[in-house]
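# Geometric and topological summary
Listed below are the residues making up each chain.
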Amino acid sequence: MPIIVALISGLLFGLGLLLAGMGNPAKILGFLDVTGNWDPSLLVTMAVAMVVSAIAFAIAKKRKMSVLNCPIQIPQNTKIDKPLIIGSVLFGLGWGIAGICPGPALLLTGMGVTEGIIFTLAMIAGMSIFQIFKK
């Protein structure tokens, strides 16, 4: 059952990304181009995602176990520290340069798009480097 739920969740997530245009790096770059030909349509996607997330977190905070009977673990750390700031800056730079973030990168990789594959490999390399330095 967990595999089926994961599959359905992944398909819904991918479909949502496609419908929002997140699989198109040009759309992302258009959103980031605030001094040129700015495309504000991504704000709607972000707003909807924030509302859905807020509802899901409100429900999850009231529960001890998920629908699949797995423990719910909500992060408790609210501290803004140096690693968080550095990671946020690196994430923003990568997003701005490539026009791709992790979710759409996986979508593009699954579609066999070269840019998505390269981004996903770079993302995995970055996570691996972080783990090495963390130790």
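Residues numbered from 1 in each chain as written. Predicted model: local features only at pLDDT ≥ 70, side-chain atom pairs only at ≥ 80, totals over all residues. Heavy atoms only, no water.

## Some words on the layout of surface pockets
This is how the line gets drawn: Here a cavity means grid points, on a 1 Å grid over the protein atoms only, where a 1.4 Å probe fits yet cannot get out; a pocket means an open set of points with protein on both sides within 12 Å along at least five of seven lines; lining residues are those with an atom within 4 Å of a point. Grid points are joined across faces, edges and corners, and a volume is the space filled by probe spheres set on the points. Working definition: helices are DSSP H or I runs of at least four residues, strands are E runs of at least two. Numbering for both runs from the N terminus. Ten residues, namely Ala, Val, Leu, Ile, Met, Phe, Trp, Tyr, Cys and Pro, are considered nonpolar, four, namely Asp, Glu, Lys and Arg, are considered charged, and the remaining ones, Gly among them, are considered polar.
When its volume is computed, the largest pocket comes out at roughly 580 Å³. As for the largest pocket, its lining consists of 16 residues, and the residues nearest its centre are Gly 87, Leu 90, Phe 91, Gly 126 and Met 127. Here the lining of the largest pocket takes eight residues from helix H4 (residues 82–98), the largest share from any one element. Here the lining of the largest pocket is built from residues that sort into twelve nonpolar, four polar and no charged.

## A closer look at the nonpolar core
Which entries qualify depends on this criterion: Within this scheme, the nonpolar core is defined by two criteria: the residues are buried Ala, Val, Leu, Ile, Met, Phe, Trp, Tyr or Cys, and they are joined through side-chain atoms within 4.5 Å. To sort residues, take the accessible area from a 1.4 Å probe on protein chains only and compare it with the maximum for the residue type: under 20% means buried, over 50% means exposed, and anything in between is partly exposed. Residues are treated as being in contact if the distance between any of their heavy atoms lies within 4.5 Å.
Residues Leu 17, Ala 20, Met 22, Ile 28, Phe 31, Leu 42, Trp 95, Cys 101 and Leu 107 constitute the largest nonpolar core, which totals nine residues. Elements represented by at least two residues in this core include exactly helix H1 (2–20) and helix H2 (25–32). Residues contacting Ile 28, with those up to four places away along its chain left out, are Met 22, Leu 42, Trp 95 and Gly 99. Among the nonpolar cores identified, the runner-up in size contains five residues, and Ile 100, Ala 105, Leu 108 and Met 123 belong to it.

## Points about the UniProt feature "transmembrane region" (unreviewed entry) in the protein
Here is the rule we go by: UniProt positions are given in the numbering used here, feature names are shortened, and annotations may be inferred rather than shown by experiment.
Per the UniProt annotation, the sites labelled "transmembrane region" (unreviewed entry) are residues 41–60, 84–107 and 113–133. Along residues 41–60 one finds 95% helix and 0% strand; the C-alpha atoms at either end are 29 Å apart. Along residues 84–107 one finds 88% helix and 0% strand; the C-alpha atoms at either end are 25 Å apart.

## Concerning the packing of H1 against helix H5 (residues 102–110)
The test is simple: Every axis corresponds to a line fitted to the C-alpha atoms, with the helix fit spanning only the stretch in contact, and the corresponding angles, defined between N-to-C directions, vary from 0 to 180 degrees. For classification, angles of less than 35 degrees are called roughly parallel, those exceeding 145 degrees roughly antiparallel, those between 65 and 115 degrees roughly perpendicular, and all remaining angles oblique.
Remark: H1 packs on H5, axes separated minimally by 10 Å, with the N-to-C direction vectors making an angle of 100 degrees. With respect to each other, H1 and H5 are oriented roughly perpendicular. For the pair formed by H1 and H5, the contact residues are Phe 13, Gly 14, Leu 17 and Leu 18 on the first element and Gly 103, Pro 104 and Leu 107 on the second. Taken together, the residues of the contact of H1 with H5 break down into five nonpolar, two polar and no charged.

## Considering a nonpolar patch on the surface
Stated precisely, the cut-off is as follows: Note that patches include only residues with greater than 30% relative accessible area and no salt bridge, and the join distances are 9 Å for like charges and 5 Å for nonpolar side chains (Val, Leu, Ile, Met, Phe, Trp, Tyr). Accessible surface area values rest on a Shrake-Rupley calculation with a 1.4 Å probe, where residue burial reflects the displayed protein chains alone. Only one rule defines a salt bridge in this text: a Lys or Arg side-chain nitrogen within 4 Å of an Asp or Glu carboxyl oxygen.
A surface patch of nonpolar side chains, about 820 Å² in accessible area, is lined by Ile 80, Leu 84, Ile 85, Ile 86, Val 89, Leu 90, Leu 93 and Ile 97. The class of Val 89 is partly exposed, set by a relative accessible area of 47%.

## A short note on the packing of aromatic side chains
Put simply, the rule is: Two aromatic rings, drawn from Phe, Tyr or Trp (for Trp, its six-membered ring), form a pair once their centres lie within 6.5 Å of each other, and the interplanar angle then sorts them: stacked below 30 degrees, edge-to-face above 60, tilted otherwise.
Using the criterion set out here, one finds three aromatic pairs in the structure. Between Phe 31 and Trp 95, the aromatic rings sit 6.4 Å apart at their centres with planes inclined by 45 degrees, giving tilted as the arrangement. You can see Phe 31 sitting in helix H2 and its partner Trp 95 sitting in helix H4, a full 64 residues away along the chain. With respect to class, Phe 31 is no different from Trp 95; both count as buried.

## Digging into H1
Basically, it comes down to this: A helix is expected to span 1.5 Å multiplied by its residue count minus one. By arc we mean the arc of the directions from the helix axis to the C-beta atoms, nothing more.
An ideal rise of 1.5 Å per residue puts 27 Å on 19 residues; H1 measures up with 27 Å between its terminal C-alpha atoms. Taken residue by residue, H1 has Gly 14, Leu 17 and Ala 20 as its buried positions. Taken end-on, H1 shows its buried residues confined to a sector of 130 degrees, consistent with a single buried face. Away from the buried face of H1 by more than 90 degrees, exposed residues Leu 7, Leu 11, Leu 12 and Leu 19 are located. The inward-facing, buried residues of H1 contact H2, helix H3 (42–61) and H5.

## Here we look at the pattern of salt bridges
Enumeration over the complete set of coordinates arrives at one salt bridge. The salt bridge partner of Lys 27 is Asp 39, with a shortest N-O separation of 3.3 Å. Here the residue Lys 27 occupies a position in helix H2, and Asp 39 occupies one in the loop between H2 and H3, the gap between them amounting to twelve residues.

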